[in-house]
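Observations on chain architecture
One letter stands for each residue in the lines below.
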Amino acid sequence: METQTKQILQNALKEIEDAKSKQDLFALNTKYLGKTGEISNLMRELKNVPVEEKPKMGAILNECRQKIDAEIREKIQKFDEEELNKKLMNEKIDVTIPVKPKNMGTMHPISLTQKELMDFFVKRGFTVRVGTDVETDYYCFEALNVPKDHPARDMQDTFYITDDIVLRTHTSATQIHTMEKYKPPIKMVSTGQAYRVDEIDATHSPFFHQLEILVVDENVSMADLKGTVEEFIKYLLGEKTTVRLRPSYFPFTEPSVEADASCPKCGGKGCSLCKGCGWIEVLGCGMVNPKILAEHNIDPKKYAGYAVGVGIERLAMIRFGISDMRELYENDVNLLKQFK
Ligand code: DAH
(Lines give C-alpha, C1' and ligand atoms only; values in the text may rest on other atoms or scores of the structure.)
Protein backbone atom coordinates (compact mmCIF):
# COMPACT_ATOMS: atom_id res chain seq x y z
CA MET A 1 0.00 0.00 0.00
CA GLU A 2 2.88 2.28 0.77
CA THR A 3 4.35 1.89 -2.71
CA GLN A 4 0.91 2.39 -4.21
CA THR A 5 0.52 5.60 -2.27
CA LYS A 6 3.94 6.83 -3.34
CA GLN A 7 3.08 6.03 -6.93
CA ILE A 8 -0.19 7.94 -6.68
CA LEU A 9 1.60 10.90 -5.19
CA GLN A 10 4.19 10.83 -7.93
CA ASN A 11 1.50 10.67 -10.64
CA ALA A 12 -0.50 13.41 -9.01
CA LEU A 13 2.48 15.74 -8.74
CA LYS A 14 3.36 15.15 -12.36
CA GLU A 15 -0.19 15.78 -13.51
CA ILE A 16 -0.43 18.92 -11.39
CA GLU A 17 2.77 20.17 -12.95
CA ASP A 18 1.39 19.50 -16.43
CA ALA A 19 -1.98 21.14 -15.73
CA LYS A 20 -2.71 23.91 -18.23
CA SER A 21 -5.66 25.56 -16.56
CA LYS A 22 -7.64 25.93 -13.39
CA GLN A 23 -10.19 23.53 -14.87
CA ASP A 24 -7.48 20.84 -15.14
CA LEU A 25 -6.64 21.38 -11.51
CA PHE A 26 -10.24 21.11 -10.37
CA ALA A 27 -10.46 17.83 -12.26
CA LEU A 28 -7.27 16.58 -10.56
CA ASN A 29 -8.67 17.57 -7.20
CA THR A 30 -11.67 15.32 -7.87
CA LYS A 31 -9.53 12.56 -9.31
CA TYR A 32 -7.26 12.28 -6.26
CA LEU A 33 -9.02 13.91 -3.32
CA GLY A 34 -12.70 13.67 -4.25
CA LYS A 35 -15.10 11.33 -2.43
CA THR A 36 -14.27 8.47 -4.75
CA GLY A 37 -10.82 9.81 -5.59
CA GLU A 38 -7.70 7.65 -5.47
CA ILE A 39 -6.51 8.82 -2.06
CA SER A 40 -9.97 8.52 -0.55
CA ASN A 41 -10.24 4.98 -1.87
CA LEU A 42 -6.95 4.04 -0.22
CA MET A 43 -8.18 5.65 3.02
CA ARG A 44 -11.17 3.35 2.92
CA GLU A 45 -8.83 0.37 2.48
CA LEU A 46 -6.97 1.23 5.69
CA LYS A 47 -9.37 -0.99 7.55
CA ASN A 48 -7.74 -4.00 5.89
CA VAL A 49 -4.22 -3.03 6.96
CA PRO A 50 -2.80 -4.92 9.94
CA VAL A 51 -3.36 -3.02 13.19
CA GLU A 52 0.31 -2.37 13.90
CA GLU A 53 0.82 -0.75 10.48
CA LYS A 54 -2.34 1.31 10.56
CA PRO A 55 -0.94 4.46 12.26
CA LYS A 56 2.04 4.59 9.92
CA MET A 57 -0.08 4.04 6.80
CA GLY A 58 -2.62 6.56 8.02
CA ALA A 59 0.11 9.14 8.46
CA ILE A 60 1.56 8.42 5.02
CA LEU A 61 -1.84 8.75 3.38
CA ASN A 62 -2.59 11.97 5.23
CA GLU A 63 0.73 13.44 4.31
CA CYS A 64 0.15 12.47 0.71
CA ARG A 65 -3.30 14.01 0.74
CA GLN A 66 -1.97 17.27 2.25
CA LYS A 67 0.84 17.44 -0.27
CA ILE A 68 -1.51 16.99 -3.26
CA ASP A 69 -3.95 19.52 -1.78
CA ALA A 70 -1.19 22.10 -1.18
CA GLU A 71 0.25 21.66 -4.67
CA ILE A 72 -3.16 22.08 -6.31
CA ARG A 73 -3.93 25.22 -4.27
CA GLU A 74 -0.54 26.72 -5.01
CA LYS A 75 -0.95 26.17 -8.75
CA ILE A 76 -4.50 27.57 -8.73
CA GLN A 77 -3.12 30.69 -7.06
CA LYS A 78 -0.42 30.90 -9.71
CA PHE A 79 -3.05 30.76 -12.47
CA ASP A 80 -5.09 33.47 -10.67
CA GLU A 81 -2.08 35.75 -10.49
CA GLU A 82 -1.25 35.21 -14.14
CA GLU A 83 -4.82 36.00 -15.11
CA LEU A 84 -4.79 39.21 -13.05
CA ASN A 85 -1.47 40.33 -14.48
CA LYS A 86 -2.72 39.74 -18.00
CA LYS A 87 -5.81 41.78 -17.28
CA LEU A 88 -3.76 44.59 -15.80
CA MET A 89 -1.48 44.62 -18.80
CA ASN A 90 -4.40 44.82 -21.20
CA GLU A 91 -6.05 47.59 -19.24
CA LYS A 92 -2.90 49.64 -18.93
CA ILE A 93 -3.56 53.34 -19.50
CA ASP A 94 -1.10 55.35 -21.49
CA VAL A 95 -1.20 58.71 -19.78
CA THR A 96 0.92 60.26 -22.51
CA ILE A 97 -1.78 59.88 -25.22
CA PRO A 98 -3.08 63.37 -26.11
CA VAL A 99 -6.65 64.08 -24.97
CA LYS A 100 -9.30 64.22 -27.69
CA PRO A 101 -10.50 67.83 -27.92
CA LYS A 102 -13.88 68.05 -26.18
CA ASN A 103 -16.72 69.86 -27.83
CA MET A 104 -17.02 72.64 -25.26
CA GLY A 105 -20.11 74.82 -25.24
CA THR A 106 -19.96 78.58 -25.55
CA MET A 107 -21.76 81.26 -23.61
CA HIS A 108 -25.00 82.53 -25.07
CA PRO A 109 -24.62 86.09 -26.45
CA ILE A 110 -27.14 87.32 -23.87
CA SER A 111 -25.30 85.70 -20.95
CA LEU A 112 -22.01 86.96 -22.33
CA THR A 113 -23.28 90.53 -22.54
CA GLN A 114 -24.80 90.32 -19.07
CA LYS A 115 -21.58 88.96 -17.64
CA GLU A 116 -19.38 91.61 -19.21
CA LEU A 117 -21.66 94.40 -18.05
CA MET A 118 -21.75 93.00 -14.52
CA ASP A 119 -17.95 92.73 -14.55
CA PHE A 120 -17.72 96.36 -15.62
CA PHE A 121 -19.83 97.55 -12.69
CA VAL A 122 -18.46 95.16 -10.06
CA LYS A 123 -14.95 96.43 -10.86
CA ARG A 124 -16.22 99.94 -10.15
CA GLY A 125 -17.50 99.04 -6.69
CA PHE A 126 -21.16 98.37 -7.49
CA THR A 127 -22.99 95.76 -5.40
CA VAL A 128 -24.87 93.02 -7.24
CA ARG A 129 -28.53 92.64 -6.25
CA VAL A 130 -30.73 89.75 -7.31
CA GLY A 131 -34.36 90.45 -8.08
CA THR A 132 -37.23 88.05 -8.71
CA ASP A 133 -39.21 87.49 -11.92
CA VAL A 134 -42.47 87.43 -9.98
CA GLU A 135 -43.21 90.76 -8.33
CA THR A 136 -46.09 92.48 -6.61
CA ASP A 137 -47.86 95.33 -8.36
CA TYR A 138 -46.44 97.58 -5.66
CA TYR A 139 -42.76 97.00 -6.46
CA CYS A 140 -43.27 96.82 -10.20
CA PHE A 141 -45.48 99.91 -10.55
CA GLU A 142 -46.89 101.73 -7.52
CA ALA A 143 -43.62 102.31 -5.69
CA LEU A 144 -42.07 103.51 -8.95
CA ASN A 145 -44.67 106.24 -9.17
CA VAL A 146 -46.88 104.38 -11.62
CA PRO A 147 -50.31 104.27 -9.94
CA LYS A 148 -53.05 101.90 -11.13
CA ASP A 149 -54.64 104.29 -13.63
CA HIS A 150 -51.37 105.74 -14.96
CA PRO A 151 -51.11 105.73 -18.80
CA ALA A 152 -47.48 104.52 -18.57
CA ARG A 153 -48.90 101.13 -17.56
CA ASP A 154 -50.16 100.59 -21.12
CA MET A 155 -46.65 100.67 -22.54
CA GLN A 156 -45.55 98.18 -19.94
CA ASP A 157 -48.52 95.87 -19.85
CA THR A 158 -47.48 92.55 -18.39
CA PHE A 159 -48.69 89.09 -17.42
CA TYR A 160 -50.84 89.02 -14.32
CA ILE A 161 -50.68 86.05 -11.98
CA THR A 162 -53.32 87.61 -9.73
CA ASP A 163 -54.61 91.21 -9.67
CA ASP A 164 -51.72 92.04 -7.44
CA ILE A 165 -48.93 89.69 -8.55
CA VAL A 166 -47.23 90.12 -11.92
CA LEU A 167 -44.27 88.97 -13.96
CA ARG A 168 -42.03 92.04 -13.67
CA THR A 169 -42.02 94.27 -16.72
CA HIS A 170 -38.65 95.70 -15.81
CA THR A 171 -35.74 95.21 -13.45
CA SER A 172 -36.50 98.66 -11.99
CA ALA A 173 -38.36 96.91 -9.15
CA THR A 174 -34.94 96.09 -7.66
CA GLN A 175 -34.40 99.83 -7.11
CA ILE A 176 -37.24 99.86 -4.59
CA HIS A 177 -36.09 96.71 -2.76
CA THR A 178 -32.62 98.23 -2.51
CA MET A 179 -33.80 101.60 -1.19
CA GLU A 180 -35.99 99.82 1.38
CA LYS A 181 -33.04 97.88 2.75
CA TYR A 182 -30.05 100.18 2.37
CA LYS A 183 -29.20 103.78 3.07
CA PRO A 184 -27.03 105.93 0.78
CA PRO A 185 -24.40 105.72 -0.52
CA ILE A 186 -26.04 103.13 -2.79
CA LYS A 187 -24.31 101.73 -5.88
CA MET A 188 -26.09 98.67 -7.15
CA VAL A 189 -26.47 96.70 -10.33
CA SER A 190 -28.96 93.93 -11.06
CA THR A 191 -29.75 91.86 -14.11
CA GLY A 192 -32.38 89.33 -15.10
CA GLN A 193 -35.47 88.57 -17.15
CA ALA A 194 -38.41 90.87 -17.72
CA TYR A 195 -41.78 90.25 -19.37
CA ARG A 196 -44.11 92.39 -21.43
CA VAL A 197 -47.23 91.91 -23.54
CA ASP A 198 -45.57 92.36 -26.92
CA GLU A 199 -45.95 90.69 -30.28
CA ILE A 200 -42.85 88.72 -31.29
CA ASP A 201 -40.96 90.39 -34.14
CA ALA A 202 -37.40 91.24 -35.11
CA THR A 203 -37.02 93.71 -32.23
CA HIS A 204 -39.66 92.67 -29.69
CA SER A 205 -40.29 89.68 -27.46
CA PRO A 206 -42.60 89.11 -24.49
CA PHE A 207 -39.54 87.82 -22.64
CA PHE A 208 -36.28 89.70 -22.57
CA HIS A 209 -33.39 90.73 -20.32
CA GLN A 210 -32.48 93.96 -18.62
CA LEU A 211 -29.76 95.39 -16.48
CA GLU A 212 -30.63 97.93 -13.81
CA ILE A 213 -28.25 100.42 -12.29
CA LEU A 214 -28.96 102.60 -9.26
CA VAL A 215 -26.69 105.14 -7.63
CA VAL A 216 -27.83 107.33 -4.72
CA ASP A 217 -25.39 109.60 -2.93
CA GLU A 218 -24.60 113.20 -2.11
CA ASN A 219 -23.54 115.35 -5.06
CA VAL A 220 -24.78 112.97 -7.73
CA SER A 221 -25.73 114.78 -10.92
CA MET A 222 -26.77 114.26 -14.52
CA ALA A 223 -23.07 114.52 -15.42
CA ASP A 224 -22.38 111.31 -13.44
CA LEU A 225 -25.22 109.60 -15.25
CA LYS A 226 -23.97 110.69 -18.65
CA GLY A 227 -20.38 109.71 -17.85
CA THR A 228 -21.37 106.25 -16.62
CA VAL A 229 -23.62 105.57 -19.60
CA GLU A 230 -21.01 106.68 -22.12
CA GLU A 231 -18.27 104.72 -20.44
CA PHE A 232 -20.03 101.38 -20.30
CA ILE A 233 -21.50 101.64 -23.80
CA LYS A 234 -18.06 102.37 -25.23
CA TYR A 235 -16.63 99.52 -23.14
CA LEU A 236 -19.13 97.12 -24.63
CA LEU A 237 -19.49 98.40 -28.19
CA GLY A 238 -16.05 99.88 -28.78
CA GLU A 239 -14.36 103.22 -28.27
CA LYS A 240 -15.58 104.61 -31.59
CA THR A 241 -19.20 104.39 -30.50
CA THR A 242 -20.92 107.69 -29.83
CA VAL A 243 -23.80 108.03 -27.39
CA ARG A 244 -26.77 110.34 -27.87
CA LEU A 245 -29.13 111.26 -25.04
CA ARG A 246 -32.74 112.19 -25.94
CA PRO A 247 -35.32 113.67 -23.58
CA SER A 248 -37.92 111.09 -22.58
CA TYR A 249 -40.43 110.33 -19.88
CA PHE A 250 -40.46 107.76 -17.12
CA PRO A 251 -42.60 108.26 -14.00
CA PHE A 252 -39.73 107.20 -11.75
CA THR A 253 -37.09 109.62 -13.05
CA GLU A 254 -37.04 113.36 -13.38
CA PRO A 255 -35.61 114.42 -15.80
CA SER A 256 -35.72 111.26 -17.94
CA VAL A 257 -33.70 110.44 -21.02
CA GLU A 258 -33.18 107.62 -23.47
CA ALA A 259 -29.75 106.79 -24.84
CA ASP A 260 -28.95 105.75 -28.38
CA ALA A 261 -25.66 104.25 -29.51
CA SER A 262 -24.26 105.00 -32.96
CA CYS A 263 -24.69 101.97 -35.18
CA PRO A 264 -21.38 100.05 -35.19
CA LYS A 265 -22.26 98.31 -38.45
CA CYS A 266 -22.61 101.41 -40.63
CA GLY A 267 -20.94 103.94 -38.34
CA GLY A 268 -24.07 106.11 -38.42
CA LYS A 269 -24.77 106.16 -42.15
CA GLY A 270 -27.85 103.95 -41.91
CA CYS A 271 -28.18 100.22 -42.55
CA SER A 272 -30.43 97.24 -41.89
CA LEU A 273 -29.25 96.87 -38.29
CA CYS A 274 -30.19 100.45 -37.33
CA LYS A 275 -33.17 100.48 -39.71
CA GLY A 276 -31.59 103.28 -41.73
CA CYS A 277 -31.35 105.87 -38.96
CA GLY A 278 -27.73 105.42 -37.84
CA TRP A 279 -28.68 105.18 -34.13
CA ILE A 280 -29.98 102.34 -31.99
CA GLU A 281 -31.85 102.90 -28.74
CA VAL A 282 -30.21 100.94 -25.93
CA LEU A 283 -31.46 102.20 -22.60
CA GLY A 284 -33.71 104.42 -20.52
CA CYS A 285 -32.37 106.42 -17.62
CA GLY A 286 -32.72 109.55 -15.55
CA MET A 287 -32.36 111.18 -12.17
CA VAL A 288 -34.34 109.26 -9.55
CA ASN A 289 -37.63 111.07 -8.92
CA PRO A 290 -37.13 112.90 -5.57
CA LYS A 291 -40.61 111.78 -4.59
CA ILE A 292 -39.42 108.15 -4.62
CA LEU A 293 -36.34 109.00 -2.56
CA ALA A 294 -38.51 110.76 0.04
CA GLU A 295 -40.90 107.81 0.21
CA HIS A 296 -37.95 105.66 1.22
CA ASN A 297 -36.72 108.04 3.89
CA ILE A 298 -33.87 109.37 1.78
CA ASP A 299 -33.73 113.15 2.09
CA PRO A 300 -33.95 114.51 -1.49
CA LYS A 301 -32.38 117.80 -0.35
CA LYS A 302 -29.25 115.98 0.71
CA TYR A 303 -29.17 113.07 -1.73
CA ALA A 304 -29.76 112.60 -5.43
CA GLY A 305 -29.69 109.48 -7.52
CA TYR A 306 -29.51 108.26 -11.06
CA ALA A 307 -30.97 105.07 -12.47
CA VAL A 308 -30.51 103.21 -15.73
CA GLY A 309 -32.40 100.34 -17.35
CA VAL A 310 -30.52 98.63 -20.17
CA GLY A 311 -31.96 96.27 -22.80
CA ILE A 312 -29.51 93.36 -22.92
CA GLU A 313 -30.87 91.90 -26.18
CA ARG A 314 -30.40 95.24 -27.92
CA LEU A 315 -26.78 95.48 -26.82
CA ALA A 316 -26.07 91.86 -27.75
CA MET A 317 -27.62 92.37 -31.20
CA ILE A 318 -25.57 95.50 -31.86
CA ARG A 319 -22.41 93.90 -30.58
CA PHE A 320 -22.69 90.74 -32.61
CA GLY A 321 -24.46 92.21 -35.65
CA ILE A 322 -27.63 90.16 -35.19
CA SER A 323 -30.49 91.93 -36.92
CA ASP A 324 -33.35 89.71 -35.78
CA MET A 325 -33.90 89.28 -32.05
CA ARG A 326 -35.66 85.93 -32.59
CA GLU A 327 -32.31 84.42 -33.52
CA LEU A 328 -31.26 84.88 -29.90
CA TYR A 329 -33.98 82.51 -28.74
CA GLU A 330 -33.82 79.86 -31.44
CA ASN A 331 -30.74 78.17 -30.00
CA ASP A 332 -29.23 77.37 -33.36
CA VAL A 333 -25.86 75.88 -32.41
CA ASN A 334 -24.20 77.15 -35.57
CA LEU A 335 -25.07 80.70 -34.60
CA LEU A 336 -24.33 80.33 -30.91
CA LYS A 337 -20.91 78.72 -31.23
CA GLN A 338 -19.53 81.84 -32.92
CA PHE A 339 -19.61 83.83 -29.69
CA LYS A 340 -16.86 83.23 -27.21
N1 DAH B 1 -37.68 100.43 -16.63
C2 DAH B 1 -37.64 101.11 -17.92
C3 DAH B 1 -38.20 100.21 -19.00
O4 DAH B 1 -38.20 99.01 -18.82
C5 DAH B 1 -36.25 101.50 -18.28
C6 DAH B 1 -35.70 102.53 -17.35
C7 DAH B 1 -35.88 103.86 -17.60
C8 DAH B 1 -35.03 102.14 -16.22
C9 DAH B 1 -35.37 104.81 -16.75
C10 DAH B 1 -34.51 103.08 -15.35
C11 DAH B 1 -34.69 104.43 -15.64
O12 DAH B 1 -33.84 102.78 -14.26
O13 DAH B 1 -34.18 105.35 -14.79
O14 DAH B 1 -38.57 100.68 -20.01
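Nothing here was measured: the structure is a model prediction, and the numbers come from that model.

1. Some words on the packing of aromatic side chains
Enumeration according to the criterion identifies ten aromatic pairs in this entry. On the numbers, 5.0 Å between centres and 70 degrees between planes, the contact of Phe121 with Phe126 is edge-to-face. Here Phe121 and Phe126 have matching classes, each one buried. Here a set of aromatic residues connected by ring pairs shows up, and it is made of Phe120, Phe121, Phe126, Phe232 and Tyr235. Above the plane of the ring of Phe120 lies Arg124, whose end atom (NZ or CZ) is 3.6 Å from the centre.

2. A closer look at the pattern of salt bridges
Inspection of every chain in the model, using the stated rule, returns 19 salt bridges. Taking the shortest distance from any N to any O, the salt bridge between Arg246 and Glu281 comes out at 3.9 Å. Taken as a pair, Arg246 in strand β6 (residues 243–248) and Glu281 in strand β8 (residues 279–288) lie far apart in primary sequence, 35 residues in all. Accessibility expressed as a relative area gives 25% for Arg246, which makes it partly exposed. Linked by salt bridges that have partners in common, Arg244, Arg246, Glu258, Asp260 and Glu281 make up one network.

3. Some details on the sheet that holds strand β1 (residues 127–128)
Reading across the sheet, the seven strands line up as β1-β4-β5-β9-β8-β7-β6 and stay open at both edges, with mixed pairing between neighbours. A strand with exactly one partner marks an edge of an open sheet, and here the two such strands are β1 and β6. Of the pairings in the sheet, the one linking strand β7 (residues 253–262) to β8 comprises eight bridges and is antiparallel in character. Each bridged residue has a counterpart across the sheet, and for Ser256 the counterpart in β8 is Gly286.

4. Points about the state of the cysteines
Summed over all chains, the structure comprises zero disulfides. No disulfide involves Cys277; its nearest neighbouring cysteine sulfur is the one of Cys274, lying 5.5 Å away. Classification of Cys277 by relative accessible area gives partly exposed; the value is 46%. Of all cysteine sulfurs, the one in Cys277 lies closest to Cys285, which takes part in no disulfide; the gap is 18 Å. Since its relative accessible area comes to 2%, Cys285 is described here as buried.

5. Some points on helix α3 (residues 38–45)
Along α3, the residues classified as buried are Ile39, Ser40 and Leu42. Buried residues in α3, looked at end-on, bunch into an arc of 160 degrees, giving them a common side. Buried residues in α3 make contact with α1 (2–18), α2 (22–33) and α4 (54–90).

6. Re the packing of α1 against α3
Between α1 and α3, the shortest axis-to-axis distance is 11 Å and the interhelical angle comes to 165 degrees. Comparing the axis directions of α1 and α3 gives the class roughly antiparallel. The handedness of the crossing between α1 and α3 is left-handed. Where α1 approaches α3, its residues Gln4, Thr5 and Ile8 are matched on the opposing element by Glu38, Ile39 and Leu42.

7. Some thoughts on the site of the ligand
As a matter of local geometry, the ligand sits amid 16 residues, with His170, Ser172, Arg196, Gln210 and Glu212 nearest to it. Between the ligand and the protein, one listed contact pairs an oxygen atom with a side-chain N or O atom of Gln210 at 2.9 Å. At 3.0 Å from an oxygen atom of the ligand is found a main-chain nitrogen or oxygen belonging to Ala307. Protein coverage of the free-state accessible area of the ligand, which is 350 Å², stands at 94%. Those elements that provide at least two residues to the shell around the ligand are β5 (207–217), β8 and β9 (304–311). Each residue belonging to the shell around the ligand can be placed in one class, and the counts come to five nonpolar, nine polar and two charged.

8. Let's talk about unusual backbone geometry
Between Pro184 and the following residue, Pro185, the backbone shows a cis peptide bond with an omega angle of 5 degrees. On the secondary structure map, Pro185 appears in the loop between α8 (173–181) and β4 (186–195). Located in the positive-phi region is Asn331, a residue other than glycine, with phi close to 55 degrees.

9. Things to note about the pairing of β6
By the bridge criterion, six bridges tie β6 to β7 in an arrangement that is antiparallel. When the sheet's bridge partners are listed, Val243 is paired in β7 with Ala261. The turn joining β6 and β7, which pair antiparallel and follow one another in sequence, is formed by four residues.

10. Notes on the environment of Glu327
Note on placement: Glu327 falls in the loop between α11 (312–320) and α12 (333–336). Along the backbone, Glu327 and Ala202 are 125 residues apart, and their C-alpha atoms lie at a distance of 8.7 Å.

11. A short note on the packing of α2 against α3
Between α2 and α3, whose axes approach to 4 Å, the crossing angle comes to 10 degrees. With respect to α3, the axis of α2 lies roughly parallel. Facing α2, whose interface residues are Lys31, Tyr32 and Leu33, α3 presents Glu38, Ile39 and Ser40. The class makeup of the residues in the contact of α2 with α3 is three nonpolar, one polar and two charged.

About the criteria used
- Residues numbered from 1 in each chain as written.
- Predicted model: local features only at pLDDT ≥ 70, side-chain atom pairs only at ≥ 80, totals over all residues.
- Heavy atoms only, no water.
- Phe/Tyr/Trp six-rings, centres within 6.5 Å; stacked < 30°, edge-to-face > 60°.
- Buried < 20%, exposed > 50% of the residue type's maximum accessible area, 1.4 Å probe, protein only.
- Lys NZ or Arg CZ within 6 Å of the ring centre and 35° of its normal.
- Salt bridge = Lys/Arg side-chain N within 4 Å of Asp/Glu carboxyl O.
- Helix = DSSP H or I, 4+ residues; strand = E, 2+ residues; numbered from the N terminus.
- Pairing = 2+ DSSP bridges.
- Disulfide = S-S within 2.5 Å.
- Arc of directions from axis to C-beta.
- Contact = heavy atoms within 4.5 Å.
- Axes fitted to C-alpha atoms, helices over the stretch in contact; angles between N-to-C directions.
- Parallel < 35°, antiparallel > 145°, perpendicular 65-115°, else oblique.
- Left-handed = near helix turned anticlockwise from the far one by under 90°.
- Near = heavy atom within 4 Å.
- Polar contact = N/O pair within 3.5 Å; in protein donor to acceptor, adjacent residues only side chain to side chain.
- Areas by Shrake-Rupley, 256 points an atom, 1.4 Å probe, with all protein chains shown as cover.
- Nonpolar A, V, L, I, M, F, W, Y, C, P; charged D, E, K, R; others polar.

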